[in-house]
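Take a look at the letters that make up each chain.
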Amino acid sequence: MNADEVAGRLAEVRRRIGQACERSGRDPREITLVGVSKRQPIERLFAAHDAGVRDFGDNTVQGLCAAAEAMEHAGRGATWHFKQSVTF
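All values reported here derive from a predicted model rather than from experimental measurement.

Caption draft 1: Geometry of helix α1 (residues 3-24). Taking 1.5 Å as the rise per residue, α1 with 22 residues should run 32 Å; its terminal C-alpha atoms sit 31 Å apart, in good agreement. Turning to α1, its buried residues are V6, L10 and C21. The arc enclosing the buried residues of α1, seen along the axis, measures out at 50 degrees, which places them on a common side. When the buried face of α1 is taken as reference, the exposed residues oriented beyond 90 degrees from it are D4, R9, R16, E22 and R23. Elements in contact with the buried residues of α1: α2 (42-50). Between the side-chain oxygen of the N-cap and the backbone nitrogen of D4 there are 3.0 Å, and the N-cap of α1 in question is N2. Positive phi shows up at G25, right after α1, with a value of about 75 degrees.

Here you go:
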C-alpha cells in the first residue's frame, strides 16, 4: 500500500467518524484516531503520519519500541498507546 492509498483510507475513516459524530451529536474533536502499528512496515507508519495521524498503538513492547524509535529517528513526533493483555 503506497502513501496515497494510506491517505485515501484515512480520509475515508475520518469521513465515517464525522458521520458517526453527526448522528450521535458528538464533536469530532473529541475523537482520537489511533493508528495501529502492529506488524506494519515503517513506511506505512510514515505515510499515516504524513496524513495527519499522531497517535499510534501497539500491543507488544518490542513492536512499540521499534516503531517509536524509527519514528523518533525520522523526526516524526507521535503519542504512543500500549495495551497488553495478560492472562492468569
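Caption draft 2: Region of the structure containing the packing of α2 against helix α3 (residues 61-73). Interaxial distance between α2 and α3 falls to 10 Å at its minimum, and their mutual angle equals 55 degrees. Relative to α3, the element α2 is oriented oblique. The element α2 and its partner α3 pack so that their crossing is right-handed. Along the contact surface, α2 presents I42, L45, F46 and H49, while α3 presents A67, A70 and M71.

Caption draft 3: Representation of the nonpolar core. Formed by V6, L10, L45, F46, A47, A48, V53, F56, A67 and M71, the largest nonpolar core amounts to ten residues. Of all the elements in the fold, those that place two or more residues in this core are α1, α2 and α3. Residue contributions to this core peak at four residues, all from α2. If we ignore the near neighbours within four places in the chain, the residues touching M71 are I42, L45, F46, H49, F56, R76 and W80.

Caption draft 4: Local environment of α2. The complete set of buried residues in α2 reads L45, F46, A47, A48 and H49. Of the surrounding elements, those touching the buried residues of α2 are α1, β1 (34-36), β2 (55-58) and α3. Positioned one or two residues after α2, G52 has a phi angle of 105 degrees, which is positive.

Each value, and the rule that gives it
Residues numbered from 1 in each chain as written. Predicted model: local features only at pLDDT ≥ 70, side-chain atom pairs only at ≥ 80, totals over all residues. Heavy atoms only, no water. Helix = DSSP H or I, 4+ residues; strand = E, 2+ residues; numbered from the N terminus. Expected span 1.5 Å × (residues − 1). Buried < 20%, exposed > 50% of the residue type's maximum accessible area, 1.4 Å probe, protein only. Arc of directions from axis to C-beta. Contact = heavy atoms within 4.5 Å. Polar contact = N/O pair within 3.5 Å; in protein donor to acceptor, adjacent residues only side chain to side chain. Axes fitted to C-alpha atoms, helices over the stretch in contact; angles between N-to-C directions. Parallel < 35°, antiparallel > 145°, perpendicular 65-115°, else oblique. Left-handed = near helix turned anticlockwise from the far one by under 90°. Core = buried A, V, L, I, M, F, W, Y, C linked by side-chain atoms within 4.5 Å.

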